Amino acid sequence: MLGHRLSEWCGHGPILEEDIALTNIALDLVGEANLLLGRAATAENAGRDADALAFLRDVREYRNALIVELPKGDFGFTVARQFLFSVYALHQWEALSTSADDDLAGIAAKALKETRYHVRHSAEWLVRLGDGTDESHGRVQDALDELWRFTGELFLTDDVEQALVKQKLAVDSSSLFDAWKRDVTDVISRATLRMPGDVYMQRGGRSGMHTEHLGVMLAEMQVLPRTYPGAKW
Amino acid sequence: MTPTPAATEDPKRLAEFEARIARGDTIEPKDWMPEKYRRQLIRMMSQHAHSEVVGMLPEGNWITRAPSLRRKMSLLAKVQDEAGHGLYIYCGAETLGVDRHELVSQLLNGTAKYASIFNYPTLTWADIGAIGWLVDGAAIVNQTMLAKASYGPYARAMVRICKEENFHKRQGFEIMSLLSAGTPEQRAMAQDALDRWWWPSLMMFGPHDKDSPNSGELLRWGIKQKGNDELRQRFVNLTVGQAKAINLTIPDPKLRHDAETGNWAFGEIDWDEFWRVVKGDGQCNRERLTARRKAHADGAWVREAAEAHAAKRARLESVA
Ligand SMILES: [Fe+2]
Ligand SMILES: [Fe+2]
């Protein structure tokens, strides 16, 4: 999802170097999604492949966190979201790299390397924008404040996850919160930004309760496989 | 039409320079060169770089609608390559003493040109295949020639870029061949894309040599090695067989093999259309420039912030 959102920048970035960097991150993310969906399809064993899971599920069947489906916003929003998400992803991948599932552990090890770069890149931009001009400071602070209510969901756990934790396949997402908070606080203060205050945390992605944005995004993303059922591309 | 550069240049140096070109020497940034050579190169290289960047738009149009994860990744990678090509050629042009920002502002204010082909719209997924196959294919024919250009930085950029363009072409051809062998709708989509992109691809080689204002000088100074018509013929010869291999029909009733020359003879290009699009009245000329201007304007605060931050950093470091 986030890879898709980032790819919307392709050709429209603030500088050519950043078009390249954002596309790079988008590529990593779509690649990770492809591997994860492939693994999920194998586990499901119902004849669906990664593409079927990506292109033929509707809104209520999608299980992504809400934060990644929000529209890309301005560059400040894109950077802030990437940063908040990538720090979470870093800790998640780190934990999953020791999963008892070899495939998942392998995917995690690969993604971990990529995510280190995503964190570094987005953190550098957060600092640049936060500690840049008054305008950039204001814009990126607004973005953080706006995004904050979507961060809590990343650290919720549920019965499915707990079952996987018992088999040492997955990690308890709530256990990642402290490390995330520490890293995020550190960069936000270096960026001369203020930590957003406590707000009600939105939730629902993991149970298929999405924002209105997801349907529009899927309509665009899925148009070809839906229009030409059964066609190979 | 060929201007006489000797009027303003030291004749002795000019003669030495032309002798070097004739020997096949490579000209490097620090070498003496006639002002007109430098200007022609800047014009060509910046046009080329602009084309790479503007070319991201018609293909970028399909990234969010790519029909599979694999296709989405390869299209992302392709468009990213084009951005890299743009950057690389801008850097090459900077070795001639111009500033990239200056070149970009010429693009944005409409005084610099870019490849006209990108003023045509991408209507279906098959257009992504057709662009890779035909547009990157035509670019390869051009750039393989430019890889032998007399100016070192340009020639070296072309060598590197050509490798990636070959990959793009293969990918585009693969998309087309899959579509052509697919469902009837997919097949029709592929043929329609070939119908729409064929002639504009031939136009990419520019006007006939006799109508090309810059060709004479570019050839004499080894910036170009071959004329537009010869390159166009080479492209047609290469492509006819490929179209046959994937069962698509090139939309030219006059296309026939000439046993005498070994060439595929083809019909006349619609030069009115060519000049109309070059002069700004293609369907997407305005959209492309508007999109670039918007990206530039929307990014202004980001660039200002990056500069302000770098300045703060520099001050801190000079204090420390
Ligand atoms: Fe290119
Ligand atoms: Fe290309």
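Now for a look at the structure at hand. Because the structure is predicted, anything quoted here is derived from the model rather than measured. (Residues numbered from 1 in each chain as written. Chains lettered and ligands numbered in written order. Predicted model: local features only at pLDDT ≥ 70, side-chain atom pairs only at ≥ 80, totals over all residues. Heavy atoms only, no water.)

Moving on, we get to the interface of chain B and chain A. Taken residue by residue, the interface counts 45 residues in chain B and 47 residues in chain A. For the pair chain B and chain A, the summed buried surface comes to about 4000 Å²; carbon and sulfur atoms form 71% of the total. Taken together, chain B and chain A are joined by two salt bridges. Here B:Arg100 and A:Glu17 are joined by a salt bridge, their closest N and O atoms 2.8 Å apart. The tally of links from chain B across to chain A stands at 12 residue pairs in polar contact (both at pLDDT 80 or more). Where the side of chain B that touches chain A is concerned, the elements lending two or more residues are α3 (56-60), α4 (69-94), α7 (152-180), α8 (184-203), α12 (285-298) and α13 (300-319) of chain B. With 13 residues, the top contributor of residues to the side of chain B that touches chain A is α4(B). Of the residues belonging to the side of chain B that touches chain A, the class tally is 26 nonpolar, nine polar and 10 charged. (Contact = heavy atoms within 4.5 Å. Buried area = accessible area lost by both parts, 1.4 Å probe. Salt bridge = Lys/Arg side-chain N within 4 Å of Asp/Glu carboxyl O. Polar contact = N/O pair within 3.5 Å; in protein donor to acceptor, adjacent residues only side chain to side chain. Helix = DSSP H or I, 4+ residues; strand = E, 2+ residues; numbered from the N terminus. Nonpolar A, V, L, I, M, F, W, Y, C, P; charged D, E, K, R; others polar.)

This next bit is on the coordination of the iron ion (ligand 1). Residues and elements named next belong to chain B. Taken together, the protein ligands of the iron ion (ligand 1) are Glu52 (OE), Glu82 (OE), His85 (ND1) and Glu165 (OE), with distances of 2.0 to 2.2 Å. Taken together, the four donor atoms coordinating the iron ion (ligand 1) span angles of 85 to 143° at the metal, a pattern that classifies the geometry as irregular. All donor residues of the iron ion (ligand 1) come from one chain, and their arrangement in sequence is E-x29-E-x2-H-x79-E. A gap of 3.5 Å separates the iron ion (ligand 1) and the iron ion (ligand 2), which glutamate 82 links by coordinating each metal. Placement of the pair is glutamate 82 in helix α4 and glutamate 165 in helix α7, with a sequence separation of 83 residues. When its relative accessible area of 5% is taken as the criterion, glutamate 82 is described as buried. Of the residues examined, glutamate 165 reaches a relative accessible area of 2% and is grouped as buried. (Donors = N, O, S within 2.8 Å, 3.2 Å for Na, K, Ca; no water. Tetrahedral: all angles 85-135°; square planar, octahedral: opposite > 155°, others 65-115°. Buried < 20%, exposed > 50% of the residue type's maximum accessible area, 1.4 Å probe, protein only.)

Another aspect to go through is empty space enclosed by the protein. Left-over empty space is what a probe sized like a water molecule reveals as it rolls over the atoms. This model, assessed by the stated rule, comprises three cavities of 30 Å³ or more. One number sums up the size of the largest cavity: a volume of about 60 Å³. Considering the residues around the largest cavity, the lining is formed by B:Arg71, B:Ser74, B:Leu75, B:Lys78, B:Trp125, B:Ile128, B:Gly132, B:His168, B:Gln171, B:Gly172 and B:Ile175. At the level of secondary structure, the elements contributing two or more residues to the lining of the largest cavity comprise α4, α6 (126-146) and α7 of chain B. The class makeup of the residues in the lining of the largest cavity is four nonpolar, five polar and two charged. Considered as a void within the structure, the second largest cavity measures approximately 50 Å³ in volume. Of all the elements in the fold, those that place two or more residues in the lining of the second largest cavity are α2 (16-44), α4 (75-96) and α5 (102-130) of chain A. For the lining of the second largest cavity, a count of residues per class yields four nonpolar, four polar and one charged. (1 Å grid on protein atoms, 1.4 Å probe; cavity = no way out; pocket = protein on both sides within 12 Å on 5 of 7 lines; lining within 4 Å. Points joined across faces, edges and corners; volume = space filled by probe spheres on them.)

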